[in-house]
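Breakdown of the fold
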Amino acid sequence: TRPAAGRPAPPPPPPLKQQEGESGADFARRVFSAVFEDDVQRLLNMEVLWEKRRPPVKVELAKLALPDAAATAREEQRAWSVEESAAVLLASVERIFTQRASEVGSLAFDKDDDDAMDFVAAAANLRCATFHIPLQSRWEIKGIAGRIIHAIATTNAVIAGFIVLEAFKVLRSVQAAGGDLSKASIDACRYCVCNRHLSGPKENQLLLRMRLEAPEPKCYVCTGSTSTLELDTASFTVRSLVEQVVIKFLSFNKPTIDLTNELTHKTVLLWEGEDEDEGGGEEGELHGDKPLDSLPVKLGPGVVLEVEDTTQALKCKIALTHTLLDKEEHPSGFRFIAAADEAAAAPPAPAEEDSPGGDGSRKRRKVAEGDAAVAGAEPSGGAGSGVVVADDDDDVIMLE
């Protein structure tokens, strides 16, 4: 209908917004015409832009013989023609607005989303055709848009294959043990390294198989035990702990540190590894300059630092102990005691002299002089003896 006399014609609907009652197919065609015909025509009207440059070319939908979009989308290794790209673009827009209407407005690009990948590949090729840029295959566009480095993807696939082969060896050991998982063995497993310098007796071996090394018993990372860090918690700040101990002394790269009370299960994030280059991140900045004795989780029994570095696959637990160390003996201001060293330095438990066992039996144990003094007994046997035997049943101290 014509507008009433003296009234302007209503504006056309926004080209990139679906109108009420408009089908997905009609909306896709209207978007195509607006982007690849009308917008390009506006550029062509600016003739001064093209005096020294090659002008763009409109892609007119009415003049294209569109092939089957589904068959075209399956061909990833060759560049689609303009007609094929137009067919795939229309089909992808129609699918999104028909089958995934609830996601419109919040849909984010994902290289593994076929609808999104079809749309991006087809639209990119149509824009290339407009500005005389060589067309690309869907595979190549997926690598560019998804930031895929094909050499890394191939290497990851090779490594994943080797991992599966080693997993077969573990499964065979379980099968040989009658299905008992507790008896799984990794003795037959190997890890592979790339021989970058092909020379000598192994000049024809690109990949070298190496036997797995046993965990180092004195390594605080391998054992998973809790080590001890002695320092002045009143003067040491979180930032000093991270920079001087965790990064410089323990060689962590980008540590994430949690302070955890294992008794109450309360945890506070002290340092975020991903933002360490910027001084710690939000939580790191919050606690970075606080002394260790003023943190939300008070230091004490059961409170440990859980330090993890995902860039090196390192993880360890550290218990903090407030200690005033001699500055000449420990100029760094701290002393780190690995869990294995701590266990080795512990005094051996006193050996039992005899323990016949059984109900009503007399159990005898050796005690030191200090224990004897507490019990009110004096060591006998002269100056060189110093050994007593305590009876656990009737509190009688038997002297030897």
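See the structure shown above.
The paragraphs below set out a description of the structure included in this document. Note that this is a predicted model, so its numbers are computed, not measured. Along each chain, residues carry numbers from 1 onward, in the same order as the chain's sequence is written. Residue-level local features of this predicted model are given only where pLDDT is at least 70; pairs of side-chain atoms are given and counted only at 80 or more, and the full residue set underlies all totals for whole chains, interfaces and linings. The basis for the side-chain values is all heavy atoms of the structure; hydrogens and waters are excluded.

Here a strand is any run of E in DSSP of at least two residues, a helix any run of H or I of at least four, and the numbering for each starts at the N terminus. The number of helices and strands found in the protein chain is eleven helices and eleven strands. Within the protein chain, the fraction of its 400 residues that count as buried is 30%. Between two residues, a contact is recorded if the distance between any of their heavy atoms is within 4.5 Å. Counting only contacts in the protein chain whose residues sit at least 6 apart along the sequence, the fraction spanning at least 24 positions is 52%. Each residue is placed in one exposure class: buried if its accessible area under a 1.4 Å probe, protein chains only, is under 20% of its type's maximum, exposed if it is over 50%, and partly exposed if it falls in between.

With respect to the helices and strands, N261 occurs in strand β4 (residues 256-261). Whenever a nitrogen or oxygen atom comes within 3.5 Å of another N or O atom, the pair is scored as a polar contact, on the condition that within protein one atom can donate a hydrogen and the other can accept it, and that pairs from neighbouring residues in sequence are kept only if both atoms are in side chains. Within polar-contact distance, the side chain of N261 engages the backbone nitrogen of L263 at 2.9 Å.

Time to look at the sheet that holds strand β6 (residues 303-309). Ordered by their spatial adjacency, six strands build an open sheet running β5-β4-β6-β7-β3-β8, and the pairing between neighbours is mixed. Here the strands that pair on one side only, and so sit at the sheet edges, are β5 (266-271) and β8 (334-337). If you compare each strand with its neighbour and ignore which way they point, the axes differ by 25° on average. Two strands form a pair only when DSSP identifies at least two bridges running between them. Fitted lines through C-alpha atoms serve as axes, helices being fitted only where they are in contact, and the angles separating the N-to-C directions of these axes extend from 0 to 180 degrees.

If you look at the biggest cluster of nonpolar residues, it comprises 28 residues, and the most contacted ones within it are L229, I257, L270, L292, L305, V307 and I318. Mapped onto this core, the elements with two or more residues apiece are β3 (226-231), α8 (238-249), β4, β5, β6, β7 (314-322) and β8. Examining the composition of this core, we find that five residues originate from one element, α8, more than from any other. Contact partners of I318, with chain neighbours within four places excluded, come to T226, S227, T228, L229, L250, V304, L305, V307 and F336. Formed by 21 residues, the second largest nonpolar core is a distinct cluster that contains F27, A28, V59 and L89. Throughout this description, the term nonpolar core refers to a set of buried Ala, Val, Leu, Ile, Met, Phe, Trp, Tyr and Cys residues connected via side-chain atoms within 4.5 Å.

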